[in-house]
Amino acid sequence: MNNNEIKKQSQTKTLNYLQILVETGKKLSEIKIPGSAFSRLLETINDECNLSRSFVALCAEADNVLQIKANKGFNATDYRRFETHIEKSIAAQAVRDQKITFAANSDLESTYLSNFSTPLQKISSKSSCFVPIFSGRKTLGILGVEFEAETISFDEHFSEFLAVLATMLAQAAKVERVIEDEKERLLAENFDLQRELREKYDFGQMVGNSSAMKRVYAQVSQVARSNTTVLLRGESGTGKELIANGIHYNSLRAKKPFIKVNCAALPETLIESELFGYEKGAFTGANNRKKGRFELAEGGTIFLDEIGDLSAQTQIRLLRVLQEKEYERVGGTETIKANVRIVTATNKNLENAIADGTFREDLFYRLNVFTIFLPPLRERKSDILLLAENFVEKYEREHGKHIKRISTPAIDLLTSYHYPGNVRELENAIERAVLVCDGNVIHGHHLPPTLQTAEITDTVTQISLTAAVEAIERDIIQDALKTTRGNRGKAAQLLETTERILCYKIKKYNIDPRRFRN
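Since the structure is predicted, the reported quantities are computational estimates derived from the model, not experimental observations. Residue positions within a chain follow its written sequence, with the count starting from 1. In keeping with the model being predicted, local features are shown solely for residues with a pLDDT of at least 70 and side-chain atom pairs are shown and tallied solely at 80 or more, while totals for entire chains, interfaces and linings include all residues. As a convention, hydrogens and water are excluded, and side-chain values are obtained from all of the structure's heavy atoms.

> Account for the overall build of the chain, naming residues and giving values.
Across its full length, the chain carries 19 helices and 14 strands. Relative to its full complement of 518 residues, the chain shows a buried share of 44%. Helical segments are the DSSP runs of H or I of at least four residues, strand segments are the runs of E of at least two, and each set is numbered from the N terminus. Think of it in three bands: with a 1.4 Å probe and only protein chains considered, a residue is buried below 20% of the maximum accessible area for its type, exposed above 50%, and partly exposed in between.

See below:
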């Protein structure tokens, strides 16, 4: 063969390899599923180059051990044997040496170090080649190929072709490593969030030790780990959503979605499509299919707050979900099975709603399987101080304050109020007090006016400026005496006045210092 023929043959080889690289690049650019780049590349080069078998292995970040990420042409037995011994093979040696390594007359499973030989000559049986995958100076892994001598000659063209393939794989390897790191980060973050939620809604973290709340905790413990439908009843602001969270995050469905729906907040025209989803074209503006809240809660729990405000039509569809565990999207015919636990809540008297014809009796009996009544705050007075201290801790962190305690007169105001808004009203009152407090102690004048007067009960009385000043003065003196355990001399120093003046004020306001000694 003369020089021209050799040159022409060389150019033909180069062109063929370039065409394969272009085709491989196209296929890699079309990949949409992360992690499938290695398989697509091996599939392409196996077909285009008539390779017997091939594989891609990456070095683990922790211990640098090779882990096979993709392979083509292996049967199950050969793959297991090769995977087991890959660290003893020429593939591992090529990674350590950081150079292309050729093994003549050796298939991939035979390329163990004891059989290693590197004659770079034309071969007559299966041979193997290992090409390190680099990212800068760091070796990310190895590309291994096995081929027949009749179809491929190991020369500089083939070597350069494999080197370019390894560069393409390096990019895919870096992307996969980034994706894996992100997956690990998200999994860790999800685990931490799940743990935080379980801790937050653990029964031991709920505030309140009154007998009424202990009964509620006992009921929640009984029902949480079952799939029973639960109905939460109680006035607005008593903590129904908090209990619903506790039921879900202490149940067997805790790792599945928890979807909340406020039925009163959704218009009657939208409630069905929000709960059950809709098909494309079901109504004007329905340009795409949309999953409903029941579908989003699959395997988990759906919390339907203000269930007493559902329209009659939606009540019928909800009844079917409870009875048959199935439903259809709005505008659709496909029946969808519902594997969802239902927890509902209402502050309405459903028995009266049934009598008025606004709530279905059969739906009520389906919902009323296990009912938990949440007591209003006025019936659990012993919990008020515990709740107040808990809210002080919460909002002092949020507003960057340092509140040491609540003064005795402020405690008296808090415990004597009737709280028509229940725990929610108490929380709002404490947040306001923390916000306006200019010291380390919350006083009575920091609390909302509704707690200091009878405004809510329509028994507001006129109070003079003198009386208002005296009330504040009495509050401050009592607080000083509490701080000094009833010591009038120290209290006078604390208030920067004389003991004589303080004793006069104590007598005027009929304050007994002895009650502060303990």
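> Give me the lowdown on the packing of aromatic side chains, citing residues and values where you can.
Planes of paired rings set the category: under 30 degrees apart is stacked, over 60 is edge-to-face and the rest tilted, where pairs are Phe, Tyr or Trp rings (Trp by its six-membered ring) whose centres lie within 6.5 Å. One pass over the full model with this rule turns up nine aromatic pairs. Consider the rings of Tyr-249 and Phe-258, whose centres lie 6.0 Å apart with planes at 75 degrees: the pair is edge-to-face. A centroid spacing of 4.8 Å and a plane angle of 65 degrees characterise the contact between Tyr-278 and Phe-283, whose relative ring orientation is edge-to-face. A relative accessible area of 35% means that Phe-283 is categorised as partly exposed. Put simply, the rings of Phe-276, Phe-294 and Tyr-327 pair up and form one aromatic cluster. Between the NZ or CZ atom of Arg-53 and the centre of the ring of Phe-74, over which it lies, the distance is 4.9 Å. Here Arg-317 stacks its cationic end above the ring of Phe-276, 4.6 Å away from the centre of that ring. Note on criteria: charge over ring means Lys NZ or Arg CZ within 6 Å of the ring centre, with the direction from the centre no more than 35 degrees off the ring normal.

> Help me get a handle on the nonpolar core, residues and values and all.
Leu-143, Val-145, Phe-161, Leu-162 and Leu-165 are the most contacted members of the largest nonpolar core, which has 31 residues in total. Ranked by residues supplied to this core, first place goes to helix H5 (residues 156-200) with 10 residues. Take the buried residues of types Ala, Val, Leu, Ile, Met, Phe, Trp, Tyr and Cys, join any two whose side-chain atoms come within 4.5 Å, and each joined set is a nonpolar core. By size, the runner-up hydrophobic cluster in this structure holds 28 residues, among which are Cys-263, Leu-275, Ile-302 and Ile-336.

> Requested: an account of the sheet that holds strand S8 (residues 301-305), with residues and values cited.
Following DSSP output, two strands are said to pair if at least two bridges run between them. Strand order across the open sheet formed by five strands is S7-S8-S11-S6-S12, with parallel pairing between neighbours. Both outer strands of the open sheet, strand S7 (258-262) and strand S12 (370-373), are each paired with one neighbouring strand and no more. For this sheet the average axis-to-axis angle between neighbouring strands, irrespective of direction, equals 15 degrees. By the bridge criterion, five bridges tie S7 to S8 in an arrangement that is parallel. Bridging from a neighbouring strand, Val-261 pairs with Leu-304 of S8. Throughout, a contact is declared for two residues whenever any of their heavy atoms are within 4.5 Å. Working convention: axes come from line fits to C-alpha atoms, limited for helices to the stretch in contact. Angles between N-to-C directions cover 0 to 180 degrees. This element, helix H6 (residues 211-224), spans strand S6 (230-233), strand S11 (341-346) and S12 of the sheet and lies at about 155 degrees to S12.

> Give me the lowdown on the packing of helix H13 (residues 384-399) against helix H15 (residues 422-436), citing residues and values where you can.
A pair of packed helices is characterised by two quantities: the angle between their axes and the separation of those axes. The N-to-C vectors of H13 and H15 enclose an angle of 45 degrees; their axes lie 9 Å apart at closest approach. Judged by the inter-axis angle, H13 sits oblique to H15. Relative to H15, the crossing made by H13 is right-handed. Between H13 and H15, the residues in contact are Ile-384, Leu-387, Ala-388, Phe-391, Val-392, Lys-394, Tyr-395, Glu-396, Glu-398 and His-399 and Val-423, Leu-426, Glu-427, Ile-430, Glu-431, Val-434 and Leu-435, respectively. Classes in brief: Ala, Val, Leu, Ile, Met, Phe, Trp, Tyr, Cys and Pro nonpolar; Asp, Glu, Lys and Arg charged; the others, Gly included, polar. Of the residues belonging to the contact of H13 with H15, the class tally is 11 nonpolar, one polar and five charged. Angle categories: roughly parallel below 35 degrees, roughly antiparallel above 145, roughly perpendicular from 65 to 115, and oblique for all the rest. Working rule for handedness: look at the near helix, and if it is turned counterclockwise from the far one by less than a right angle, call the crossing left-handed; if clockwise, right-handed.

> Any chance you could break down helix H4 (residues 90-97) for me, citing the residues and the numbers?
Looking at H4, one finds that the buried residues are Ile-90, Ala-91, Ala-92, Ala-94 and Val-95. Those residues of H4 that are buried are in contact with strand S1 (53-59), strand S2 (66-72), strand S3 (101-103), strand S4 (127-135) and strand S5 (138-147). A positive phi of about 55 degrees marks Gln-98, the residue just after H4.

> Give me the lowdown on the sheet that holds S5, citing residues and values where you can.
On the basis of which strands lie adjacent, the open sheet formed by five strands has the order S2-S1-S5-S4-S3 and antiparallel pairing. This sheet does not close on itself; its edge strands, each paired only once, are S2 and S3. With direction set aside, neighbouring strand axes in the sheet form an average angle of 20 degrees. Sheet topology note: the S1/S5 ladder contains six bridges and is antiparallel. Among the inter-strand pairings, Ala-57 is bridged to a residue of S5, identified as Ile-142. Lying on the sheet, H4 is in contact with S1, S2, S3, S4 and S5; it crosses S5 at an angle near 140 degrees.

> Tell me about the packing of helix H17 (residues 465-483) against helix H19 (residues 499-508), residues and numbers included.
Packing of H17 against H19 leaves a shortest axis separation of 11 Å and a crossing angle of 115 degrees. Crossing of H17 against H19: the hand is left-handed. Along its contact with H17, which presents Glu-470, Glu-473, Ile-477 and Leu-481, the element H19 presents Leu-502, Lys-505, Ile-506 and Lys-508. Looking at side-chain class alone, the contact of H17 with H19 contains four nonpolar, no polar and four charged residues.

> An account of the pairing of S1 is requested, with residue identities and associated values reported.
Counting buried residues in S1 gives seven out of seven residues, a clear majority hidden from the surface. Side chains Arg-53, Phe-55, Ala-57 and Cys-59 project from S1 onto one buried face, and the interleaved Ser-54, Val-56 and Leu-58 project onto a second face that is buried too. Relative to S2, S1 runs antiparallel, the two being bridged by six bridges. Considered in S2, the bridge of Val-56 is made with Ala-70. Hairpin remark: S1 followed by S2, antiparallel, with six residues in the connecting loop; positive phi at Asn-64, about 65 degrees.

> Give me the lowdown on the pattern of salt bridges, citing residues and values where you can.
A side-chain nitrogen of Lys or Arg and a carboxyl oxygen of Asp or Glu constitute a salt bridge if their distance falls within 4 Å. Under the criterion given, the structure shown has 23 salt bridges. Linking Glu-241 and Lys-260 is a salt bridge whose minimum nitrogen-to-oxygen distance equals 3.1 Å. Pair noted here: Glu-241 is in helix H7 (residues 240-249) and Lys-260 is in strand S7, with a separation of 19 residues, a long-range link. Overall, Lys-260 belongs to the partly exposed group, its relative accessible area being 35%. Between Arg-293 and Glu-274 there is a salt bridge, and its shortest N-O distance comes to 3.0 Å. Placement of the pair is Arg-293 in helix H9 (residues 293-296) and Glu-274 in helix H8 (residues 271-276), with a sequence separation of 19 residues. Note on Arg-293: relative accessible area 23%, which makes it partly exposed. Linked through salt bridges whose partners overlap, the residues forming this network are Glu-279, Arg-289, Glu-295, Arg-329 and Glu-334.

> Give a description of the confidence of the model for the chain that names residues and reports values.
Confidence of the prediction at every residue is given by pLDDT, a number between 0 and 100. Per-residue confidence for the chain averages 81 on the pLDDT scale, and 83% of its residues sit at or above 70. Segment residues 454-460: pLDDT under 50, and 10 contacts once partners within four positions in sequence are set aside and those in other chains are kept.

> Let's hear about unusual backbone geometry: which residues, and what values?
Excluding glycine, most residues fall at negative phi; most peptide bonds, likewise, are trans. Residues other than glycine seldom take positive phi values, yet Arg-485 does so here, at roughly 55 degrees. A residue is classified by how much of its surface remains accessible, and Arg-485, at 56% relative accessible area, is exposed.

> Now, about the pairing of S6: what can you tell me, with residues and values included?
Here S6 shows a buried face lined by Val-230 and Leu-232 and a second buried face lined by Leu-231 and Arg-233. In the sheet, S6 pairs with S11 via four bridges, with the strands oriented parallel. Paired with Arg-233 across the strands is Thr-346, a residue of S11.

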